[in-house]
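A structural walkthrough
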Amino acid sequence: MRTRRFAWEWLITLILGFGLGLAYAWVFSPVKYVDAEPLALRDNFKDHFRSAIAAAFASNGDLERARARLTLLGDPNPAQALAAQAQRMLAAGEAFEAVQQVAMLASTLQGGVVVNPPTAIPTDRQEPAGQSSAPSISTTEASSPTIQAEPTGTPIPLLTPTLRPTHTPTPTLGAPYQLVGQDTVCDPELAEGLLQIVVINATRRQIPGAEIILTWSSGEEHIFTGLKPELGHGYADYLMAPDVTYSIRMADGGTPASGISPPTCTTTDDSTYLGGIRITFQQP
Amino acid sequence: MPRWLPTLIALALGITLGLVYGWVINPVQYTDVTPDALRIDYRTDYVLMVAEAYRAEQDPALAARRLAVLGSEPPAVIAGEAESFARQAGYPSDDLSLIQELSVALQTWQPIPGTSLP
């Protein structure tokens, strides 16, 4: 009996001590981390970091250096992270030059073309009867990584400097776009009245950041390609309202698509629904 | 053996185990770090990015806003610290001159009253 009681005392005291030690280690004196790496940054600071990388890239055109810097953030797909950030920046109404820098770096990483900066978004536009389906951000990003304490006193590794390019790429002047495709899409799986627009260049590569202007009798809307990178970097979409006729054109000029309205489609059981339209613009 | 000695030993052992667990095995993990906790070489590289952008943009106010992410110190001080580290770490002369250019620009730059840094 004496031995059993003695063991309980030991155990309770041990647990109490463990709790005290843990409280001290976690609450009163937790491990302090001072030499953090960029991948541990809070998401909004990662955005600042990406913006700075994009601004530096816009200045020096050093893609390898930009790529090395993006690696520090630990994004599984840096181009997609940049495109998603551009979308967030647009939604937040940030300066378009900054958005363009981020979009341009995303595009360059994808091996896309450098597009000319779209014109400013009008501030007095009238809200359309329909709505853009763009604002949903479905890009998956890495969850915030955790960090471990590092031994101190070790040599600090520096980024390997890369050679500067001999020239800085400048945006190419855009040629007027041609309407090369306009198809009715009857797919009950898609949202009703979905207008899908794809913008490609002369070599049929999709162009991100291209501005498209939709007008109708009582309003106007500007949308941009590349905000849904999972659907293509030259892709943009918009939900058309029924009984509204739209005219669609590229902000840089070219052939417009006129008289666009959602078609009526029929299912196999003879019920009807609003179909969609798929339009393709191409730089000649 | 005194009666209190086993209790004291158990308490000390428990505290030790708790500390080992809390500091070594499963320490508090920081995932949402602010840039002021960045290691000095990463801070310096961030300043270099801002300096690279500054060379093309020549906008000290924009550069100052970007540097404000690194902490509450004046932008010129942040750039100066980065310059010191870059010099000490043997950064390429091109990069050094970029940071120097930014540092000099920020030393003479005066923020417009009424504007705030992020």
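Here the residue numbering is sequential within each chain, running from 1 through the sequence in written order. Naming scheme: in the order in which they are written, chains are lettered from A and ligands are numbered from 1. The predicted nature of this model means local features are confined to residues of pLDDT at least 70 and side-chain atom pairs, given and counted, to a pLDDT of 80 or more, with totals for whole chains, interfaces and linings taken over all residues. To obtain the side-chain values, all non-hydrogen atoms of the structure were included, while hydrogens and water were left out.

On to the overall build of chain B, then. Counting from the N terminus, the helices are the DSSP runs of H or I reaching at least four residues and the strands are the DSSP runs of E reaching at least two. Each helix and strand counted, chain B has five helices and zero strands in total. The secondary structure elements of chain B, listed N-terminal to C-terminal, are α-α-α-α-α. Only protein chains enter the calculation, and the probe is 1.4 Å; a residue is then buried if its accessible area is under 20% of its type maximum, exposed if over 50%, and partly exposed in between. Within chain B, the fraction of its 118 residues that count as buried is 42%. Summarising the internal contacts of chain B: among those between residues at least 6 apart in sequence, 63% fall at separations of at least 24. Counting every atom, chain B has about 5900 Å² of accessible surface; 61% of that belongs to carbon and sulfur. Any two residues whose heavy atoms approach within 4.5 Å are treated as being in contact. Working definition of accessibility: Shrake-Rupley area with a 1.4 Å probe, residue cover restricted to the visible protein chains.

Once that is clear, we can look at the nonpolar core. What makes a nonpolar core is a set of buried Ala, Val, Leu, Ile, Met, Phe, Trp, Tyr and Cys residues whose side-chain atoms join them at distances within 4.5 Å. Core analysis: the largest hydrophobic core is formed by 56 residues, its most contacted members being Phe49(A), Ile53(A), Leu105(A), Val47(B), Leu67(B), Leu102(B) and Leu106(B). Elements supplying a minimum of two residues to this core: α2 (43-60), α3 (63-71), α4 (78-91) and α5 (96-109) of chain A together with α2 (40-57), α3 (60-67), α4 (75-88) and α5 (93-108) of chain B. With residues near it in sequence (within four places) discarded, Ile53(A) still touches Ala66(A), Arg69(A), Leu70(A), Leu73(A), Leu105(A) and Met49(B). Membership of the second largest hydrophobic core comes to 23 residues, among which are Leu195(A), Ile223(A), Met240(A) and Ile277(A).

Low pLDDT marks regions whose predicted coordinates should not be analysed in detail. pLDDT expresses, on a scale from 0 to 100, how confident the predictor is about each individual residue. On average, residues of chain A score 75 in pLDDT, and 73% of them are at 70 or above. Mean pLDDT across the elements of chain A bottoms out in helix α1 (residues 2-28) of chain A (79) and peaks in α3(A) (94).

What we call a disulfide is simply a covalent bond connecting the sulfur atoms of a pair of cysteines. Residues and elements named next belong to chain A. Cysteine sulfur atoms that pair up within 2.5 Å are treated as a disulfide. The tally for this structure, following the rule as stated, stands at one disulfide over all chains. Note that Cys186 is cross-linked by a disulfide to Cys265, the S-S spacing being 1.9 Å. Taking the sign of the torsion about the S-S bond as the criterion, the disulfide between Cys186 and Cys265, at about -75°, is left-handed. Here Cys186 is found in the loop between β1 (178-185) and β2 (194-200), whereas its partner Cys265 is found in strand β8 (residues 264-266), with 79 residues between them in sequence. In this structure Cys186 comes out as partly exposed when scored by relative accessible area, which is 46%. By relative accessible area, which is 1% here, Cys265 ends up buried.

On to the sheet that holds β2(A), then. All names here are of chain A. Strands pair, by our definition, only if DSSP identifies at least two bridges between them. Strand order in the open sheet formed by four strands is β1-β10-β2-β5, and the pairing between neighbours is mixed. Each having just a single partner strand, β1 and β5 (235-239) make up the two edges of the open sheet. Each strand of the sheet is rotated relative to its neighbour by a mean of 15°, with strand direction disregarded. Of the strand pairs in this sheet, β2 and β5 are connected by five bridges, and their pairing is antiparallel. Paired with Ile197 across the two strands is Ala236, which belongs to β5. As a rule, the C-alpha atoms of each element are fitted with a line to give its axis, helices using only the stretch in contact, and angles between N-to-C directions run from 0 to 180 degrees.

Another point: the sheet that holds strand β6 (residues 246-250) of chain A. Residue and element names in this part refer to chain A. Read from one edge of the open sheet, four strands run β4-β3-β6-β7, paired in antiparallel fashion. Of all strands in the sheet, those bounded by a partner on one side alone are β4 (219-224) and β7 (257-260). Each neighbouring strand pair of the sheet contributes to a mean axis angle of 20°, computed without reference to strand direction.

Here the focus is empty space enclosed by the protein. Rolling a probe over the atoms, with the probe sized like a water molecule, indicates the empty space that remains. Residue and element names in this part refer to chain A. Computed over the protein atoms alone on a 1 Å grid, cavities are sets of points where a 1.4 Å probe fits but cannot get out and pockets are open sets with protein on both sides within 12 Å along at least five of seven lines; a residue lines them when it has an atom within 4 Å of a point. Grid points are joined across faces, edges and corners, and a volume is the space filled by probe spheres set on the points. Applying the stated criterion to the full structure yields seven cavities of 30 Å³ or more. Space inside the largest cavity adds up to approximately 130 Å³. Of all elements in the fold, only α4 and α5 reach the threshold of two or more residues within the lining of the largest cavity. When residues in the lining of the largest cavity are grouped by element, the largest group, six residues, is from α5. In this classification, Asp, Glu, Lys and Arg are treated as charged, Ala, Val, Leu, Ile, Met, Phe, Trp, Tyr, Cys and Pro as nonpolar, and every other residue, Gly included, as polar. Tallied by class, the residues present in the lining of the largest cavity amount to ten nonpolar, six polar and no charged. Two domains each provide a minimum of three residues to the lining of the largest cavity, namely domain 1 (38-111) and domain 2 (178-282). Note that the domain bounds were set by an automatic or database domain assignment.

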